[in-house]
There are 2 protein chains.
Amino acid sequence: MADAGQRLANGLRRIDFVTDPSRYRHWKLNIDGKIATLILDVDEAGGLFEGYDLKLNSYDLGVDIELADAFERIRFEHPEVRVVLLRSGKPRVFCAGANIRMLAGASHTHKVNFCKFTNETRNAIEDASTASGLRTICVINGTAAGGGYELALAADHIILVDDGSSSVSLPELPLLAVLPGTGGLTRITDKRKVRRDRADFFCTTEEGIKGKRAVEWRLVDEVTPNSQLEALIAQRAREFSGDAEETAAASGIVLAPLKRNITADRRDYDNVSVAFDRARRIATITLREPGARCPASADEMVNQGASFWPLQIARELDDAILDIRLNEIDIAAILFKSEGDPQFVLDYDIFLDLHRRHWLAREIRLKWKRVLKRIDLTSRSLVALVEPGSCFAGTLAEIVFAADRSYMLIGKQEGDNRPPAAIMLGAVNLSGSLAMSNGLDRLSTRFLGEPKIHNNVRQAIGQALDAEAAEALGLVTFALDDIDWDDEIRLFLEARASFSPDSLTGLEANLRFGGPETMETKIFARLSAWQNWIFQRPNATGEAGALSRYGSGRKPEFDTKRV
Amino acid sequence: MADAGQRLANGLRRIDFVTDPSRYRHWKLNIDGKIATLILDVDEAGGLFEGYDLKLNSYDLGVDIELADAFERIRFEHPEVRVVLLRSGKPRVFCAGANIRMLAGASHTHKVNFCKFTNETRNAIEDASTASGLRTICVINGTAAGGGYELALAADHIILVDDGSSSVSLPELPLLAVLPGTGGLTRITDKRKVRRDRADFFCTTEEGIKGKRAVEWRLVDEVTPNSQLEALIAQRAREFSGDAEETAAASGIVLAPLKRNITADRRDYDNVSVAFDRARRIATITLREPGARCPASADEMVNQGASFWPLQIARELDDAILDIRLNEIDIAAILFKSEGDPQFVLDYDIFLDLHRRHWLAREIRLKWKRVLKRIDLTSRSLVALVEPGSCFAGTLAEIVFAADRSYMLIGKQEGDNRPPAAIMLGAVNLSGSLAMSNGLDRLSTRFLGEPKIHNNVRQAIGQALDAEAAEALGLVTFALDDIDWDDEIRLFLEARASFSPDSLTGLEANLRFGGPETMETKIFARLSAWQNWIFQRPNATGEAGALSRYGSGRKPEFDTKRV
């Protein structure tokens, strides 16, 4: 059950990430040819939890789940769309950011998970731009404060109305004693490259900045009088949608609702099952291969649509991970298993490689890239068990490389008729198309210090690697024989569950991301880590802290010691 | 006064960073030609604070102050030394890391400051290698646990004795529920490039790793039986000291003790003064130029030695900053001022440029680089006030660019006969020789988004830039006239002091380091930020947390929720 420090509204017991436009309460999605308009018009009474109203277009996780869904749908259901206009449906306010009463009442765990998901959503908006050429223009007619401006920062282009009152601001520090943690600080320094002393001024000024100064300081791209706003938007939409990449011929697929069977200790999807062992604090996710060969043509892929195996299982896995993150916070480790014929999995990868210029094949790869990054960023111990009859090949093998530890069984266990465990690599594992947040393949990150092994790994593409071969190549942590298997893994999982969850979170966040840093890793490491620290500090969340006292009429009391 | 949650030993009221080999209690420094041997032999009873013994060569800040001093002295006093051997003076133990009882009893503030200083010391060891060719070989004959192994990780080469018991380990997580936060996690992934799943195993295993596996896993560079240890050390020392860069001719200078006058509200050095305004929580650091032109020759520089102005003021400033960090934790902002003729300052920079191949000139630049980085990493609001009669030129101008905000006075104030404020840039500001932790000059970081302005800045080298010119070039945040000056700055400082110190720490840590990340920035951002978070979590530092209960015989109790 969700642990948010608050009760879910409407008697719900779990946070659900599945939605669709017909159920949106906070966003309106209109499509007009190449232009989509996403209008934020938050339903005040539509909070995910009890106890607060979503005033002034402020948001909680529920609002962001719809936003994430809208961008997924535009990419899959409306591939003809080239530009998204992000606008407010309310007068005088674009968005007031994350709802403060929600934040003040939320548990530490929920705050951290909420920030992580909203960060992932904004990264996905940027990914749609860089990887799919789907540009976002943000129109600010009114105030964009805190998370509202951070949402704007995810856009390619920000238009601010110059009317003497419309403004952008990051007032988190002076008002709430926390950081603009949804990428705000990182995007102003590293994306918009605002001069650091101006950024300091901006982030310590409640009222924000408006008009020409906002342009001069690089906080927005242009300002316009209200009278010329609509004409300017139309012009920019035309420019950003371009004529070059005309994909009018492409018609999208329908992202049908996921079929799920949810019981107390299981989640069953068509290709993914999750089983909870609550006593041992373990969730086991089993991934199943398609059971059938992949289609013969791109048209057939489009016809299969949401039930095309690589897409369906990606969506199912994504939902399963989010469910564990937000609803199963006592789970210490996620065990990944798989079942099926690895060659089938690899065939799908080869199919996607072959059709990589087809919009749908491209979008499915990009979806997998995002899902795998979501796994990298999930603060549970990730363990892959590579057993007889498993199908960790190509894209699915990435899960082995995403894991903190992987164990592979040598040979078979008594009475097991399934083929011995094999890992199969595909071109996809070394092509960069499933790169981590640090910009490198998981295998490149894994072998940063061992270029020779990295080369040997390349030679092994397409081979069925048994446990000893996989261990020798460094693809798994340990290859174990039948005699040791059960005990070793049991002891490891018991030890894991005995450690402080916080130190594991910190350890994994450091060990998973060797090598270069990017804006994305900066957001999740530097910015999020400091924000999480601040969320623990009495000056923010203590009884007399700024976040707790906001709106109470009482001033916060600070311990003035600098750390 | 130091706030450590503990009482300083021997009735001291301040932590003092000034020491010299004759006063070392924990290290022995022996010089033999090109080889220096630094022997760690911790005096159990020599703890900086009351209440713990430094058993098993464990360390506290006092031990690290001596280590930092030893490396400074080798570089300045013994430039002939090419190799440092880092060894233990105790049998069966190299170093047990940071003293746990000290950590358990220390305030959050002290823990964070302690980790920061020890990190800076290890970075300085690496800087000595990359920038000065002073290689460090670490000899582990016994156990190197936690911070002990992290110290080894700072070396260029690690030799481990293969005797069935000597081992390296990072047991912080299983034993104490904290991270190996003195660079450990970052150096194993990014310096030694240990495979991430092996790193996971290593960091969750109390007993550590020994023998050949330690080499195979890249944790050490070689193992040797005890019988061959001394021969191997001698051989490696010869190899690392090389013949190429023979600097036998160079004889060092003496780092004479700093002259300081310490009173309740002031610290006065020859060229630096610190004045505390405790009511307003401000420390004002005033830097003074030499008052005399620089020497005519390198020999004269050597003769002046520690009193050569650029070196002396660097040491004074370093001491002043450390004093504020550790002893004055209630200070919210540091105001930097300067007094003197900017041309004098620039002349010294030109002198150092001219003699950049001279060992002493090189070391002085590198010292400044370290001091300026120390300022970048100081978690107080940094403010530069550029006033009439000031000398922010060249190296000293870096302090303006290190500041979170800078204010410059236009013209003069009534009755002031000093020349109007001017900033002068030198080649040093754009040469990379004073680069920040992110590897870029402060000006390059500042103008990441504005290459044109960056170019204009280059044109301005050597000119006396008045307030309006400096503001137009983006070198200062605001140029203010006489009428606004006092009020604006007073209001700004009042506002600053009213904010939550923690949120400022987080804000500044994010805004100061735009652009690329390096191993150093990774250590101070990702690793330190997570460690600080963990230091706040009850699972580590709560009453039933692992750090608090260590050694009590009682097992820690953990909240099992994953965040």
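Higher on the page you've got the structure.
The structure displayed is predicted, hence computed values, not measured ones. Every chain's residues receive numbers from 1 upward, in the order its sequence appears when written. Written order decides the labels, with chains lettered from A and ligands numbered from 1. Restriction of local features to residues with pLDDT of at least 70 applies here, the model being predicted, together with a cutoff of 80 or more for giving and counting side-chain atom pairs; totals for whole chains, interfaces and linings are based on all residues. Only heavy atoms go into the side-chain values, all of them from the structure, while hydrogens and water stay out.

Draft legend 1. Summary view of the packing of aromatic side chains. Here is the rule: rings of Phe, Tyr and Trp (six-membered ring for Trp) pair when centre to centre is within 6.5 Å. Planes less than 30 degrees apart are stacked, more than 60 are edge-to-face, and the remainder are tilted. Within the structure shown, the criterion is met by 22 aromatic pairs over all chains. With centroids separated by 5.6 Å and ring planes inclined at 75°, the aromatic side chains of A:F201 and A:W217 adopt a geometry described as edge-to-face. With A:F201 in helix α7 (residues 196–203) and A:W217 in the loop between α8 (211–216) and β11 (222–224), the pair connects residues that are 16 residues apart, well separated along the chain. On the numbers, 5.3 Å between centres and 70° between planes, the contact of A:F201 with B:F478 is edge-to-face. Of this pair, A:F201 sits in helix α7 while B:F478 sits in strand β21 (residues 478–481), placing the two residues on different chains. Taken together through their ring pairs, the aromatic side chains of A:F201, A:W217, B:Y407, B:F478 and B:F492 make up a single cluster. Over the aromatic face of A:F535 sits the side chain of A:K111, whose NZ or CZ is 5.5 Å from the ring centroid. Counting from the N terminus, the helices are DSSP H or I runs at least four residues long and the strands are E runs at least two residues long. Any Lys NZ or Arg CZ that is within 6 Å of a ring centre and within 35 degrees of that ring's normal is treated as a charge sitting over the ring.

Draft legend 2. Region of interest: the interface of chain B and chain A. Contacts are assigned to residue pairs with any non-hydrogen atoms lying within 4.5 Å of each other. In this assembly, 91 residues from chain B lie in contact with 91 residues from chain A. Here chain B and chain A share an interface that buries about 8600 Å² over both sides, 55% of which is from carbon and sulfur atoms. In short, buried area is how much 1.4 Å probe accessible area vanishes from two parts on joining, totalled over both. It is B:R196, B:R526 and B:R562 in chain B that bury the most area against chain A; as a group they hold 13% of the surface buried on that side. In the sections that follow, a salt bridge refers to a side-chain nitrogen of Lys or Arg positioned within 4 Å of a carboxyl oxygen of Asp or Glu. Linking chain B with chain A are 16 salt bridges. Put simply, B:E508 and A:R562 hold a salt bridge, and the shortest N to O gap is 2.6 Å. Pairs of N or O atoms within 3.5 Å make up the polar contacts considered here, provided that, within protein, one atom can donate a hydrogen while the other can accept it, and that residues adjacent in sequence are counted only when both atoms are side-chain atoms. Counting across the chain B and chain A interface gives 54 residue pairs in polar contact (both at pLDDT 80 or more). Of the residues that constitute the side of chain B that touches chain A, the class distribution is 39 nonpolar, 24 polar and 28 charged. Any residue that is not Ala, Val, Leu, Ile, Met, Phe, Trp, Tyr, Cys, Pro, Asp, Glu, Lys or Arg is counted as polar, Gly included; the first ten are nonpolar and the last four charged.

Draft legend 3. Representation of the relation of the copies chain B and chain A in the model. For the pair chain B and chain A, the superposition axis carries a translation of 0.0 Å, the fit reaches an RMSD of 0.0 Å, and the rotation angle comes to 180°. As the rotation angle and translation indicate, the two copies are arranged about a two-fold axis. Judged by C-alpha distance, B:W533 is the residue of chain B that lies nearest the rotation axis, at 2.1 Å. When the copies are superposed, the least-squares fit takes in the C-alpha atoms of residues with a pLDDT of at least 70 in both.

Draft legend 4. The arrangement of the sheet that holds strand β15 (residues 282–288) of chain A in detail. Residues and elements named next belong to chain A. Taking strand neighbours across the sheet as the criterion, the eight strands line up as β12-β13-β14-β15-β16-β17-β18-β21 in an open arrangement whose pairing is mixed. Unpaired on one side and paired on the other, β12 (261–262) and β21 (478–481) mark the two borders of the sheet. The sheet contact formed by strand β17 (residues 381–386) and strand β18 (residues 405–410) spans four bridges and is parallel. Across the sheet, V386 pairs through a bridge with M408, a residue of β18. For two strands to be treated as a pair, DSSP must find no fewer than two bridges joining them.

Draft legend 5. Summary view of helix α1 (residues 61–77) of chain A. All names here are of chain A. Counted at 1.5 Å a residue, the expected span for α1 with its 17 residues is 24 Å, and the 23 Å between its end C-alpha atoms agrees. Three exposure classes are used, based on accessible area relative to the maximum for each residue type with a 1.4 Å probe and protein chains only: buried under 20%, partly exposed in between, and exposed over 50%. Taken across its 17 residues, α1 has 17 buried, putting it largely inside the fold. Regarding α1, its N-cap is D60, as a side-chain oxygen of that residue lies 3.0 Å from the backbone nitrogen of G62 further along. Helix span, as expected, comes to 1.5 Å for every residue beyond the first.

Draft legend 6. Main features of the sheet that holds strand β10 (residues 167–169) of chain A. All names here are of chain A. One open sheet accounts for three strands, arranged β5-β8-β10; its pairing is parallel. The open sheet terminates on both sides in strands that have one partner only, identified here as β5 (93–95) and β10. Within the sheet, the average angular offset between the axes of one strand and its neighbour, ignoring direction, is 15°. Angles shown run from 0 to 180 degrees and are taken between the N-to-C directions of axes, each axis being a line fitted to C-alpha atoms and, for helices, limited to the stretch in contact.

Draft legend 7. The side chain of A:E363, seen in detail. For A:E363, the position within the fold is in helix α13 (residues 359–376). Side chain to side chain, A:E363 and A:R75 meet in a polar contact 3.0 Å long.

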